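So you can see what is in the structure, the chains are spelled out below.
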Amino acid sequence: MTVGQPGAGTAPHALATPPEPSVPATSSERQGARTGAVCTARPARAPATAVARRRFTVRGIVQGVGFRPFVHGLAVELGLSGHVSNTGEGVVVEAEGAPDALHRLAARLRAEAPPLAAVEGVDGEDAVVTGEAGFAILPSRAGGPPRTLVAPDAATCEACLAELTDPADRRYRHPFLTCTHCGPRFTIVRALPYDRAQTTMAGFPMCPRCAAEYADPADRRFHAQPIACHDCGPRLRLLAAGPGGADGAAGPPRPVPGDPVAGTRRLLADGAIVAVKGLGGYHLVCDAADDRAVTELRRRKGRGDKPFALMARQLADVEGLVEVGGAERGLLTGAERPIVLLRRRPGGAAPGAPAVSEAVAPGCPDLGLMLPYTPLHHLLFGLPGDPDGPRLLVMTSGNVSGEPLVTDDEEALVRLARLADAWLGHDRAIQVPCDDSVVRVSEGEPLYVRRSRGRAPYPVPLPVPVRPALATGGDLKTVLCLGEGRRAWLSAHIGDMDDLATQLAFERAAGHLETITGVRPRLLATDRHPGYRTGQWARRSTDGRPLVRVQHHHAHIAAAMAEHGLDGRQPVIGVAFDGTGYGDDGAIWGGEILLADYAGYRRFVQLGYVPQPGGDTAVRRPYRMALAHLHAAGLPWAADLPPVAACPPDELRLLERQLDRNLNCAPTSSMGRLFDAVSSLAGICQHAGYEAQAAVALEAAARTAGEDRGTGYTFALRSGVPAGGAAALVADPAPVLAAVVEDVRAGTGPALVAARFHASVAQLVRRVCGLARERTGLATVALTGGVFCNTLLAESTARMLRQDGFTVLRHRLVPPNDGGLALGQLLVAARRRGA
């Protein structure tokens with residue numbers, strides 16, 4: 001199952017439940033539903049001989065999106081009396097009038113819902129006719145666990161943007177302008193029902209004019225909980241670091257006089273790095289064309305060569321820099337507004353495109369771009385008449401590398417003190433940290449690399465019911481998953497669990513998910529790795545509840561099955577390729593082909609084990625993995641090979657002894673580490689400054705190879721000993737490595753080596769899946785794990801498998817990397833313990 005791309009004026013989230021057949025509406029009815037009619041004391045009524053009353057419970061994302069005024073407008077238009085209110089279950093409508101009008105109401109509640117609404121279901125039941133006059137919007141009713149859904153944050157809508165730029169409008173240049181169709185939701189919600197008192201806007205009393213809009217059913221801001229204006233809303237504050245002392249450190253921050261936005265624009269134009277508070281946390285911002293500023297930001301963050309995300313003023317600027325198709329355009333301009341990974345234009349930027357410093361994404365063929373999604377972002381770029389400022393801004397997460405996103409103003413002054421020259425903050429609190437989502441388009445569909453702002457906490461529909469359970473994910477790209485019945489709620493991206501602050505953020509995220517869903521988990525699920533901090537937290541937090549440990553790659557495959565609606569009665573061929581995962585035999589798995597369902601799995605094929613010398617050191621220095629693979633394959637360390645040349649002589653001698661004696665060399669079947677090794681052998685990447693840099697560079701090189709690629713490489717397949725976690729078959733990379741070495745020594749270019757290697761991995765999967773089908777009859781393949789963020793590999797593999805008649809499952813709702821792990825853990829644990 002896939003979710004379509006959100007576009008302008010469409011609901012950003014498609015739900016799995018199909019709508020009931022709708023009754024055709026007249027053009028006047030459709031217009032009334034869009035605008036909302038003014039409340040009347042007594043709507044036109046059907047004849048007294050034909051009156052019925054129905055109670056409808058509308059479930060889904062129906063609070064905080066203008067649903068009650070929408071219902072009010074429909075009811076008045078259809079001549080119905082009654083009332084509508086928010087409850088923990090959703091929106092409850094009691095309507096009385098002609099049976100045909102009630103039928104039309106039920107159909108149109110689904111078919112014509114407001115732009116940000118996503119109706120999951122409409123349950124109706126008969127009620128006793130009361131003779132009630134008029135149609136009222138009642139205050140929200142609490143009580144019982146919440147069963148409605150919180151909307152994700154949404155980008156500024158066109159109507160609000162028009163007001164922001166209109167000098168005659170009272171909200172002209174208001175940085176917190178919002179309505180029921182846009183603005184913060186998830187990041188400000190403290191509890192349900194979704195009312196202002198239960199959000200971080202509770203401390204901002206509405207002025208009379210805002211209160212009048214809030215209370216007017218005909219107004220676009222009726223019950224828009226973040227409603228505010230210049231008179232009553234949050235306030236911006238700009239602080240700049242004070243003069244430095246004798247030690248060179250900056251002095252205490254001090255207020256910058258004047259308009260905070262104008263002051264920030266001046267600072268950015270002058271080359272400053274500014275910490276800017278957004279919807280879900282702080283960004284570190286600078287002019288993307290300023291080499292000095294970008295280089296300095298990279299140095300301060302200790303970011304290595306990892307690319308920075310960019311924000312462009314407008315779509316035309318994006319199109320001048322990168323290749324933008326229809327799906328990419330929909331993502332860039334829709335309500336979600338993620339960072340979209342886009343290929344740079346062949347031949348360079350178009351004339352008139354904004355300049356981009358080479359330090360933004362050194363050596364990377366892609367740029368990660370997004371468009372403004374808050375009023376403040378639009379103001380930072382400037383409105384008509386403002387002085388010229390940067391056309392393109394670096395927008396990277398406001399944190400020290402390895403630490404969680406900063407959300408608190410006072411904390412930002414401390415934790416970002418060595419990163420920022422100034423701070424543009426405000427006094428609206430952020431309840432939930434929420435980093436930007438990151439997505440690329442593959443085969444015309446979104447492929448999430450990080451699922452966060454704009455998607456969280458929207459649930460994934462489940463193909464089978466599960467008991468209330470919490471899954472903790474892994475220690476990298478950590479995302480929690482809370483499930484009950486046929487829904488699974490995923491948290492925003494939390495990060496890597498190395499830092500104490502991230503671990504505390506993990507605990508807060510778990511508590512917040514429980515609060516907004518009302519789910520009280522009776523079961524915990526976590527990874528089998530004994531050292532994972534998520535697993536240690538789960539063990540400490542059982543409180544008498546069962547704890548189920550789920551094998552890493554089994555969870556990956558289960559996640560792919562779940563998002564495609566498979567109920568698990570039929571196993572799949574699961575191809576799980578990633579960097580690391582704790583195996584049943586204690587080894588580091590990562591090149592696995594499992595025959596799996598939710599209840600269990602069998603290891604059918606594994607990549608041959610090689611030693612990983614020095615643990616994570618080998619990840620940071622790909623030449624070490626290349627040398628380890630050569631050693632395991634019995635290939636000499638010739639001095640003219642790139643990894644041998646890259647390794648310092650003393651380290652080379654030490655590494656040789658380490659491998660000969662098998663000291664601190666955990667065995668690994670990781671496909672991710674094989675990509676690292678080939679990247680090093682091809683002379684592409686010897687030092688990785690960020691995760692998967694060597695593999696990313698290998699894919700980029702492969703994309704530049706010509707069509708004539710000559711003879712490819714071939715893995716050897718040999719029988720394994722299926723005991724103690726071993727597979728029935730072993731894919732031996734030694735022949736591939738020997739062919740790579742031969743090509744490199746013959747002067748074959750890195751691009752061709754990279755392309756041939758990608759083809760060899762795709763052919764391996766094709767061959768092995770064919771064997772699995774011959775032996776088991778299975779014909780569905782799930783491609784999962786972080787390696788399948790590589791779209792060149794994923795698309796070529798999927799294409800071959802489809803040509804061979806396989807059904808191919810690729811991730812669309814959750815990332816293939818560890819950001820989707822918790823969803824699979826949830827399904828496996830639920831099946832193991834009984835749904």
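Data block above holds the structure.
A brief look at the structure comes next. (Residues numbered from 1 in each chain as written. Predicted model: local features only at pLDDT ≥ 70, side-chain atom pairs only at ≥ 80, totals over all residues. Heavy atoms only, no water.)

### A look at the sheet that holds strand 17 (residues 460-471)
Here is step 1: With mixed pairing, four strands are arranged side by side in an open sheet as 18-17-19-20. Every other strand in the sheet has two partners, leaving strand 18 (481-490) and strand 20 (547-550) as the edge strands with one partner each. Strand-to-strand twist of the sheet, defined as the mean angle between neighbouring strand axes without regard to direction, takes the value 60°.
Here is step 2: Taken together, the four bridges between strand 19 (residues 524-527) and strand 20 define a ladder with parallel strand orientation. Pairing of Ala 525 across the sheet is with Val 548, part of strand 20.
Here is step 3: Together, strand 17 and strand 18 form the strand contacts of helix 12 (residues 500-517), whose direction differs from that of strand 18 by roughly 145°. (Pairing = 2+ DSSP bridges. Helix = DSSP H or I, 4+ residues; strand = E, 2+ residues; numbered from the N terminus. Axes fitted to C-alpha atoms, helices over the stretch in contact; angles between N-to-C directions. Contact = heavy atoms within 4.5 Å.)

### Let's talk about the packing of helix 20 (residues 693-703) against helix 22 (residues 750-776)
Helix-helix packing is characterised by the crossing angle of the two axes and by the distance between the axes.
Here is step 1: Put simply, helix 20 and helix 22 touch, their axes get as near as 7 Å, and they point 105° apart. Judged on the interaxial angle alone, helix 22 and helix 20 are roughly perpendicular. Residues Leu 698, Glu 699, Ala 701 and Ala 702 of helix 20 lie in contact with helix 22, whose contacting residues are Ala 751, Ala 754, Ala 755, Phe 757 and His 758. (Parallel < 35°, antiparallel > 145°, perpendicular 65-115°, else oblique.)

### Comments concerning the environment of Arg 221
Here is step 1: Looking at the element boundaries, Arg 221 is found in the loop between helix 5 (208-215) and strand 6 (236-242).
Here is step 2: It is 45 Å that separates the C-alpha atoms of Arg 221 and Val 787, two residues lying 566 residues apart in sequence.
Here is step 3: Setting aside residues no more than four positions away along its own chain, Arg 221 makes contact with Cys 160, Glu 163, Arg 171, Leu 177, Thr 178, Cys 179, Thr 180, Glu 213, Tyr 214 and Ile 227.
Here is step 4: Within polar-contact distance, the side chain of Arg 221 engages the backbone oxygen of Thr 178 at 2.8 Å. (Polar contact = N/O pair within 3.5 Å; in protein donor to acceptor, adjacent residues only side chain to side chain.)

### Let's talk about unusual backbone geometry
Here is step 1: The amide bond that connects Ala 456 to the next residue, Pro 457, takes the cis arrangement and shows omega of 5°.
Here is step 2: With respect to the helices, strands and loops of the structure, Pro 457 is situated in the loop between strand 16 (445-450) and strand 17.
Here is step 3: Positive phi is not limited to glycine here, since Glu 443 has a value of about 55°.
Here is step 4: Relative to the assigned elements, Glu 443 resides in the loop between strand 15 (438-442) and strand 16.

### Section: empty space enclosed by the protein
Here is step 1: On inspection of all chains with the given rule, the structure shows eleven cavities of 30 Å³ or more.
Here is step 2: By volume, the largest cavity amounts to about 140 Å³.
Here is step 3: Lining of the largest cavity is provided by 17 residues; of these, Pro 175, Leu 279, Thr 374, Pro 375 and Arg 428 occupy positions nearest its centre.
Here is step 4: When the residues that make up the lining of the largest cavity are grouped by side-chain class, the tally is nine nonpolar, six polar and two charged. (1 Å grid on protein atoms, 1.4 Å probe; cavity = no way out; pocket = protein on both sides within 12 Å on 5 of 7 lines; lining within 4 Å. Points joined across faces, edges and corners; volume = space filled by probe spheres on them. Nonpolar A, V, L, I, M, F, W, Y, C, P; charged D, E, K, R; others polar.)

### Description of the pairing of strand 15
Here is step 1: In terms of burial, strand 15 is a largely internal element, five of the five residues being buried.
Here is step 2: Bridge count for strand 11 (residues 339-343) against strand 15 is two bridges, and the pairing is parallel. Across the sheet, the residue bridging to Ile 339 is Val 438, located in strand 15.
Here is step 3: Strand direction decides the pairing type here: strand 15 and strand 16, joined by five bridges, are antiparallel. Considered in strand 16, the bridge of Val 438 is made with Arg 450. (Buried < 20%, exposed > 50% of the residue type's maximum accessible area, 1.4 Å probe, protein only.)

### Some details on the pairing of strand 19
Here is step 1: Sheet analysis places strand 17 next to strand 19, joined by two bridges and oriented parallel. Residue Ala 471 lies in a different strand from strand 19, and its bridge partner there is Ala 525.

### Remarks on the side chain of Arg 108
Here is step 1: Take Arg 108: it is sitting in helix 3 (residues 99-111).
Here is step 2: Polar side-chain contacts of Arg 108 include one of 3.4 Å to the side chain of Glu 77.

### Remarks on the packing of aromatic side chains
Here is step 1: In the structure shown here, the tally under the stated rule is four aromatic pairs.
Here is step 2: Summarising the aromatic geometry, the rings of Phe 577 and Phe 788 are spaced 5.6 Å apart at their centres and angled 15° between planes, so their arrangement reads as stacked. Of this pair, Phe 577 sits in strand 21 (residues 572-582) while Phe 788 is found in the loop between strand 28 (780-784) and helix 23 (791-803), placing the two residues 211 residues apart along the sequence.
Here is step 3: Residue classification places Phe 577 among the buried residues on the basis of a relative accessible area of 2%.
Here is step 4: Measuring from ring centre to ring centre gives 4.9 Å for Phe 675 and Phe 757, while their planes differ by 75°; the resulting arrangement is edge-to-face. Of this pair, Phe 675 sits in helix 19 (residues 671-681) while Phe 757 sits in helix 22, and the two are 82 residues apart along the sequence.
Here is step 5: On the basis of relative accessible area, Phe 675 is assigned to the buried category, the value being 2%.
Here is step 6: Geometry around Tyr 373 places Arg 453 over its ring, the cationic atom sitting 3.5 Å from the centre.
Here is step 7: Over the ring of Phe 806 we find Arg 773, and its NZ or CZ is 3.9 Å from the ring centre. (Phe/Tyr/Trp six-rings, centres within 6.5 Å; stacked < 30°, edge-to-face > 60°. Lys NZ or Arg CZ within 6 Å of the ring centre and 35° of its normal.)

### Focus on the environment of Arg 653
Here is step 1: Assignment of secondary structure puts Arg 653 in helix 18 (residues 649-661).
Here is step 2: Arg 653 sits 36 residues away from Thr 617 along the chain, and the two C-alpha atoms are 16 Å apart.

### So, the pattern of salt bridges
Here is step 1: Tallying each qualifying case throughout the model produces 48 salt bridges.
Here is step 2: Glu 96 serves as the salt-bridge partner of Arg 53, at 2.6 Å between the closest nitrogen and oxygen. Residue Arg 53 is located in strand 1 (residues 52-61), and its partner Glu 96 is located in strand 3 (residues 90-97); the two are separated by 43 residues in the primary sequence. Both residues of the pair, Arg 53 and Glu 96, count as buried.
Here is step 3: The partner of Arg 59 in a salt bridge is Glu 120, with the nearest N and O atoms 3.6 Å apart. Pair noted here: Arg 59 is in strand 1 and Glu 120 is in strand 4 (residues 118-127), with a separation of 61 residues, a long-range link.
Here is step 4: Taking relative accessible area as the criterion, Arg 59 reaches 23% and is therefore assigned partly exposed. (Salt bridge = Lys/Arg side-chain N within 4 Å of Asp/Glu carboxyl O.)

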